[in-house]
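# Commentary on secondary and tertiary structure
Residue-level listing of the chains:
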Amino acid sequence: MSRFPLYELRDIQPGPPPAPGLSGPLLAGAGLLLTLLLGAWLLRQRARRRPLKQARQELLALSANQPDFMFRLTLWLKRTALLGWPREQIAPLHGHDWLSFLDQHGNTHFSRFAPRWSQWLYADTRPSPEEAAALLQNCHRWLHQLERSRPC
């Protein structure tokens, strides 16, 4: 055997001093803070999405057989638009400008109904069943686009 066995070797320089025991509580505090922030963010997301969920339910309740279908549809469009844009931008829009705004922000084709829109609203005429179905389809498409593009 050798004269100097390796198991008898010892460090002659002392190592760094032991760190204080704060790493455990600091990690727990950081984890708790992150959990609270995530919870608050999720609650905020839910609160912001609630009006859009209600708008979807109102849209599903619209029926082309209702005598005031166009009035209800136009009212729904205006109220729902206010969820995504300021009142000052939405309120003055009407007629072709209003329908163009909807088309611009929703991948829809409301403008093709512009010649008859005023008649449906103010005269005693109603859209045909095919036109009413197309209007509702455009509303669903517009709401879907609003849900996707609305900043949360």
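Residues numbered from 1 in each chain as written. Predicted model: local features only at pLDDT ≥ 70, side-chain atom pairs only at ≥ 80, totals over all residues. Heavy atoms only, no water.

## Examining unusual backbone geometry
Of note, the phi angle at N107 is positive, near 55°, even though the residue is not glycine. Mapped onto the elements of the fold, N107 is located in the loop between helix 4 (95-104) and helix 5 (114-122). (Helix = DSSP H or I, 4+ residues; strand = E, 2+ residues; numbered from the N terminus.)

## What to know about the packing of helix 2 (residues 69-81) against helix 5
Between helix 2 and helix 5, the least distance of the axes is 8 Å, while the angle of their chain directions is 115°. Relative to helix 5, the element helix 2 lies roughly perpendicular. When helix 2 is examined against helix 5, the residues M70, F71, L73, T74 and L77 are found in contact with a partner set consisting of W117, W120 and L121. In terms of residue class, the contact of helix 2 with helix 5 is built from 7 nonpolar, 1 polar and no charged. (Axes fitted to C-alpha atoms, helices over the stretch in contact; angles between N-to-C directions. Parallel < 35°, antiparallel > 145°, perpendicular 65-115°, else oblique. Contact = heavy atoms within 4.5 Å. Nonpolar A, V, L, I, M, F, W, Y, C, P; charged D, E, K, R; others polar.)

## What about the nonpolar core?
As a rule of thumb, soluble globular proteins bury nonpolar side chains together. Formed by 30 residues in total, the largest nonpolar core has its most connected members in L73, L77 and W117. Sort the elements by how many residues they give to this core and helix 6 (residues 129-149) lands first, with 8 residues. Setting aside residues up to four positions removed in sequence, L77 forms contacts with W98, L102, F110, W117, C139 and W142. (Core = buried A, V, L, I, M, F, W, Y, C linked by side-chain atoms within 4.5 Å. Buried < 20%, exposed > 50% of the residue type's maximum accessible area, 1.4 Å probe, protein only.)

## A closer look at the pattern of salt bridges
The tally for this structure, following the rule as stated, stands at 4 salt bridges. The salt bridge involving E147 is made with R56; its shortest N-O contact spans 3.0 Å. Placement of E147 in helix 6 and of R56 in helix 1 (residues 23-61) is noted, with a sequence separation of 91 residues between them. On the accessibility criterion, E147 (21% relative accessible area) is partly exposed. Of the charged contacts, one joins R116 and E131 as a salt bridge, the two residues approaching to 3.0 Å between their closest N and O atoms. Here R116 is found in helix 5, whereas its partner E131 is found in helix 6, with 15 residues between them in sequence. (Salt bridge = Lys/Arg side-chain N within 4 Å of Asp/Glu carboxyl O.)

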